[in-house]
Amino acid sequence: GAKIERSAALTTKMSLTGSKRRVEYGDMVVLYRSYVRLFTGLMHRGGKVRTPNGLFRHDDLVGRCYGERVKAYGKGTGISALLYPSPELWTRALTHRTQILYKADISWILYELRLRPGCVVYESGTGSGSLSTAIARTVAPFGHLHTFEFNQKRVDAARQDFIKNGIDHVVTVRHRDVCQNKFPRLVRTSSDGSTERIGVDAVFLDLPSPWVVVVSAKDVLREGGRFCSFSPCIEQVQRTCAKLDQFGFTGWFLVVCCRDALVCVCVVCCVHHSYG
């Protein structure tokens, strides 16, 4: 798609961390047809959202109230709800560049990481940005998410999504393989030029080899910070938990998430962290 440049108007007009009543140019909107049929569009003059049930012109949507039912242009028969985007809706509507987490797992992860406004979070495995978007809303407006992805194309695509959704002021996405290069330390520079190391409040991993990153996670976490790793098989969890024990993490536990009769079982390992 076309590259979207960040502008003050876009960032201040609309954000997944806020709300507003009417659609304006520069807004990202969601056209809700059904639970599995959602379409998005970034409003600009002359733009169009094409759906299987008809064409929706941006100029017709601007000025309408969020929550209204809107009809497709011309002979189109489609009627959709015009919705303000939220992380939950974005998870349903986003472009899948990887497998993603959905709201059931996301809500549990946010709870166990004890995230709240003002928290600073490290995430590795940005992927399609589903969890990243939810974390950004949770830590806004004073916190920050630093998310790392080893694939440059996914980094670029996620950055554009964050800009479109007006959350790039609380999310920084970087091209980095933390398995090879570890997490960078956060440093604050004071007015007198001195520097102070900052510990992050939580670390989340969605990686094929999360045990490799345990030492680096320990290095960047603050005292009492929390660690969570999402893994698709028990062998990954066993190796990760062995590393957690070795490097002084305490209170770890795991939750097995079974979806119906699927063969693939997702395992989450979430722990408390403390320095020895």
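Quick caveat, the model's predicted, so the values are computed rather than measured. Residue numbers restart at each chain and count upward from 1, following the sequence in its written direction. Only residues with pLDDT of at least 70 get local features here, since the model is predicted, and only at 80 or more are side-chain atom pairs given and counted; chain-wide, interface and lining totals rely on the full set of residues. To get the side-chain values, take all heavy atoms of the structure and skip hydrogens and water.

## A few points about the environment of Pro52
Part 1: Following the sequence through the fold, Pro52 ends up in the loop between strand S3 (48–51) and strand S4 (54–57).
Part 2: In sequence terms Pro52 and Thr77 are 25 residues apart; their C-alpha atoms lie 9.7 Å from each other.
Part 3: It only takes one pair of heavy atoms within 4.5 Å for two residues to be counted as in contact. Apart from the residues lying within four places of it in its own chain, the contact partners of Pro52 are Arg37 and Phe39. Secondary structure elements are taken from DSSP: a helix is a run of H or I of four residues or more, a strand is a run of E of two residues or more, and numbering for both begins at the N terminus.

## Here's the deal with the sheet that holds strand S1 (residues 28–34)
Part 1: With respect to topology, 4 strands assemble into an open sheet ordered S2-S1-S6-S5, the strand pairing being antiparallel. For this open sheet the edge positions go to strand S2 (37–42) and strand S5 (69–71), each flanked by a neighbour on one side alone. Strand-to-strand twist in this sheet, taken as the mean axis angle between neighbours without regard to direction, amounts to 35 degrees.
Part 2: One bridge is not enough; two strands pair if DSSP finds at least two bridges between them. Strand direction decides the pairing type here: S5 and strand S6 (residues 79–83), joined by 3 bridges, are antiparallel. Paired with Lys71 across the bridge in S6 is Ile79. Each axis is a line fitted through C-alpha atoms, taken for helices only over the stretch in contact, and angles between the N-to-C directions span 0 to 180 degrees.

## Comments concerning a nonpolar patch on the surface
Part 1: Patch building starts from residues that exceed 30% relative accessible area and form no salt bridge, then joins like charges within 9 Å and nonpolar side chains (Val, Leu, Ile, Met, Phe, Trp, Tyr) within 5 Å. The Shrake-Rupley method, run with a 1.4 Å probe sphere, supplies the accessible areas, and residue values consider only the shown protein chains as cover. One side-chain nitrogen of Lys or Arg within 4 Å of one carboxyl oxygen of Asp or Glu is enough to make a salt bridge. A contiguous nonpolar patch, built from Ile234, Trp252, Leu254 and Val256 and spanning about 310 Å² of accessible area, is present on the exposed surface.
Part 2: Examining the composition of the nonpolar patch, we find that 3 residues originate from one element, strand S14 (residues 250–257), more than from any other.
Part 3: Along the chain, Ile234 turns up in helix H9 (residues 234–246).
Part 4: Burial here depends on accessible area, computed with a 1.4 Å probe over protein chains only, as a share of the maximum for the residue type. Under 20% is buried, over 50% is exposed, and the range in between is partly exposed. Residue Ile234 is classed as partly exposed on the basis of its relative accessible area of 38%.

## As for the side chain of Ser124
Part 1: As for its placement among the helices and strands, Ser124 is situated in strand S7 (residues 120–124).
Part 2: Beyond its immediate sequence surroundings of up to four residues, Ser124 is in contact with Phe148, Val178, Phe183, Phe204, Leu205, Asp206 and Leu207.

No statement about biological role is implied by the geometric values presented.
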